[in-house]
Amino acid sequence: MELQTGIDLVEIGRIQKSLQNSRFLQRVFSREERALFVQRGGNPQTIAANFAAKEAFAKAIGTGVRGFALDEVALLRDQLGKPYFQLSGRALALVEAHQWTLAVSVTHTRAYASAVVVCYGGKNR
């Protein structure tokens, strides 16, 4: 069984600055994520945590941000607030091809957001 991890730490201020560009949300986040952000009042901590999760995902699968678009890796929350990935496009195809299972955890303070992704199972590359 494979076991790989990825971690990322993002400054909330950097994300707030990126939000000044109207294309940032459209280019980086899925429609479902953008709906979550609206539901949560545009909270920059939530947006930064989602961004960190995308970066941690890219590290856990071992490719970096190559071979898929960031908006294909959506971080959503279940009814209890537990984060989970909803993948599409090439990101989904990559995970399915390797038969991986993903686990994700996010956290934030006023200044930073962080995410850890564990990628396990699957077949050897």
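Description of the structure in this document. Note that the coordinates shown come from a computational prediction; the quantities given were computed from them, not determined experimentally. Each chain has its residues counted from 1, running along the sequence as written. Where totals are concerned, whole chains, interfaces and linings use all residues; where local detail is concerned, this predicted model gives features only for residues with pLDDT of at least 70, and gives and counts side-chain atom pairs only at 80 or more. The side-chain numbers reported here are obtained from all heavy atoms of the structure, hydrogens and water having been left aside.

### Re the packing of helix α3 (residues 31-39) against helix α4 (residues 44-60)
α4 packs onto α3 with a crossing angle of 155 degrees between their chain directions and a minimal axis gap of 10 Å. Relative to α4, α3 is oriented roughly antiparallel. Residue-level contacts link E33, L36 and F37 of α3 to T46, I47, N50 and K54 of α4. Each residue is assigned to one of three groups, with Ala, Val, Leu, Ile, Met, Phe, Trp, Tyr, Cys and Pro labelled nonpolar, Asp, Glu, Lys and Arg labelled charged, and all others, Gly among them, labelled polar. Looking at the contact of α3 with α4 residue by residue, the class counts come to three nonpolar, two polar and two charged. Working convention: axes come from line fits to C-alpha atoms, limited for helices to the stretch in contact. Angles between N-to-C directions cover 0 to 180 degrees. Helix and strand definitions here come from DSSP, where helices need a minimum of 4 consecutive H or I residues and strands a minimum of 2 consecutive E residues; each element is numbered from the N-terminal end. Throughout, the term roughly parallel applies to angles under 35 degrees, roughly antiparallel to angles over 145, roughly perpendicular to angles from 65 to 115, and oblique to all others. Contacts are assigned to residue pairs that have any heavy atoms within 4.5 Å of one another.

### Things to note about the packing of aromatic side chains
In this scheme Phe, Tyr and Trp rings, the latter by its six-membered ring, pair at centre separations within 6.5 Å, and the angle between planes marks the pair as stacked below 30 degrees, edge-to-face above 60, and tilted otherwise. Scanning the model with the defined rule gives five aromatic pairs in all. Judged by centre distance (6.2 Å) and plane angle (40 degrees), the ring pair of F24 and F51 falls under tilted. Of this pair, F24 sits in helix α2 (residues 22-28) while F51 sits in helix α4, and the two are 27 residues apart along the sequence. Residue classification places F24 among the buried residues on the basis of a relative accessible area of 7%. Buried means the residue's accessible area, taken with a 1.4 Å probe over protein chains only, is under 20% of the maximum for its type, while exposed means over 50%, and partly exposed covers the values in between. A relative accessible area of 8% places F51 in the buried class. Aromatic pair F29 and F37: ring centres 5.0 Å apart, planes at 85 degrees, arrangement edge-to-face. Counting every residue linked through ring pairs, the aromatic cluster contains F24, F29, F37 and F51.

### With respect to unusual backbone geometry
Even without a glycine there, the phi angle at Q99 is positive, about 55 degrees. Secondary-structure assignment places Q99 in the loop between α5 (89-98) and β4 (100-108).

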